[in-house]
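Descriptive structure summary
The chain contents come next:
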Amino acid sequence: MTEENQTLPEFLLLGFSDLRALQGPLFWVVLLVYLLTLLGNSVIILLTQGSPALHSPMYFFLRHLSVVEVLYTTDIVPRTLADLASPHPQAISFQSCATQMYVFIVLGITECCLLTAMAYDRYAAICRPLHYSTLMSWQACTAMVGVSWLMGIITATTHSSFIFTLPFPSHPIIPHFLCDILPVLRLASAGKHRSEISVVTATVVFIMVPFSLIVASYARILGAILAMASTQSRRKVFSTCSSHLLVVFLFFGTASITYIRPQAGSSVTMNRILSLFYTVVTPMLNPIIYTLRNKEVAGALWHMVKRQVSSP
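Residues numbered from 1 in each chain as written. Predicted model: local features only at pLDDT ≥ 70, side-chain atom pairs only at ≥ 80, totals over all residues. Heavy atoms only, no water.

The chain has the name Olfactory receptor in an unreviewed UniProt entry, where Panthera leo is given as its organism. The annotation that UniProt attaches to the chain under Sequence similarities (unreviewed entry) is "Belongs to the G-protein coupled receptor 1 family." In UniProt, the chain has this text filed under Function (unreviewed entry): "Putative odorant or sperm cell receptor." (UniProt positions renumbered as here; feature names shortened; annotations may be inferred.)

See the structure below:
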């Protein structure tokens, strides 16, 4: 084998080739969910861009979240569909695997940070209403979005550089449908201790820290809600947070189960199902949650539909 092949091995993605009876149904389900994800998030982007009622910091963040969701699923789903259409495991080049992981990490970390910024927006609106316009100025919102993307790029660059400089076997098989961090790390033939340190650090910093900031924000919000005298006021204020809370629960819940739970004895099939949920299903649910549970978004959608129907 040449030195180049030893340095840049070709990976084999197992995908769902060991579950052939499910490949056909999964193909159509994933395709349908992907199309709904593109449609739903595109609608959110258009609504928050075109509706004056949605020109506020919360929906500015929501628009960027929808952009992340579209890119996130597009990084993964097209190749997953191609793999599901084949009865055999599909090869992926070293460069393609590294690129997929890089984009995956950038978008995942950016989403973590955007959800944290959205929680801070709710805190500022409910707990510090007199200072809201200053705390959430357009310059501040733009800076938060920029920092979110920057954190994603920095994390992806450091982790991808570290992971793909580890030595791999000559014919590595990834028991997954994408080049996720943990499955690729386990293939490395050296640096096991360094790999574990990397994963733990990433987990603590980029899952638990943003999640802790979100919890802290909502603890303050809960205190402010309980201090309100009117039950109707409490209900109204809580309704402005419910959509975001549900999205946070879906994102951080599935991410925590995947990356924080003990890996010893974990099922390869269960790992793939969990990954399929947070990479394919969750991005579809987010626009549905914000449309059905948010009156402003639902109202803007209804006005857009009426304009399209009534236009000649």
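The rest of the description comes next.
1. Section: the UniProt feature "transmembrane region" (unreviewed entry) in the chain
UniProt annotation of "transmembrane region" (unreviewed entry) refers to residues 26-48, 101-120, 141-164, 197-216, 237-260 and 272-292 when read in the numbering used here. Strand forms 0% of residues 26-48 and helix 100%; the C-alpha atoms that close the span are 32 Å apart. Regarding residues 101-120, the helix share stands at 100% and the strand share at 0%, and the terminal C-alpha atoms are separated by 29 Å. (Helix = DSSP H or I, 4+ residues; strand = E, 2+ residues; numbered from the N terminus.)

2. Structural notes on the environment of Ser 170
For Ser 170, the position within the fold is in the loop between α6 (138-163) and β3 (173-174). Remark: the alpha-carbon pair of Ser 170 and Glu 10, spanning 160 residues in sequence, is separated by 7.8 Å.

3. Comments concerning the nonpolar core
In this structure, Phe 11, Phe 61, Leu 115, Ile 163, Phe 164 and Val 184 are the most contacted members of the largest nonpolar core, which totals 85 residues. The element contributing the most residues to this core is helix α4 (residues 94-127), with 19 residues. The contacts of Val 184, once residues within four sequence positions are left out, are Cys 97, Met 101, Ile 163, Phe 164, Phe 168, Ile 174 and Cys 179. (Core = buried A, V, L, I, M, F, W, Y, C linked by side-chain atoms within 4.5 Å. Buried < 20%, exposed > 50% of the residue type's maximum accessible area, 1.4 Å probe, protein only. Contact = heavy atoms within 4.5 Å.)

4. Some points on the side chain of Ser 275
Mapped onto the secondary structure, Ser 275 falls in helix α10 (residues 268-293). Residue Ser 275 is classed as buried on the basis of its relative accessible area, which comes to 1%. Contacts of Ser 275, omitting those with residues within four sequence positions, involve His 176, Phe 177, Leu 178, Asp 180, Thr 258 and Val 280.

5. Section: the packing of helix α2 (residues 20-50) against helix α3 (residues 57-84)
For any two helices packed against each other, the geometry comes down to the angle between their axes and how far apart the axes lie. Viewed as axis vectors pointing N to C, α2 and α3 meet at an angle of 160°, and their least axial separation amounts to 9 Å. Comparing the axis directions of α2 and α3 gives the class roughly antiparallel. Here the hand of the crossing between α2 and α3 comes out left-handed. Of the residues in the contact of α2 with α3, the class split is 16 nonpolar, 8 polar and 3 charged. (Axes fitted to C-alpha atoms, helices over the stretch in contact; angles between N-to-C directions. Parallel < 35°, antiparallel > 145°, perpendicular 65-115°, else oblique. Left-handed = near helix turned anticlockwise from the far one by under 90°. Nonpolar A, V, L, I, M, F, W, Y, C, P; charged D, E, K, R; others polar.)

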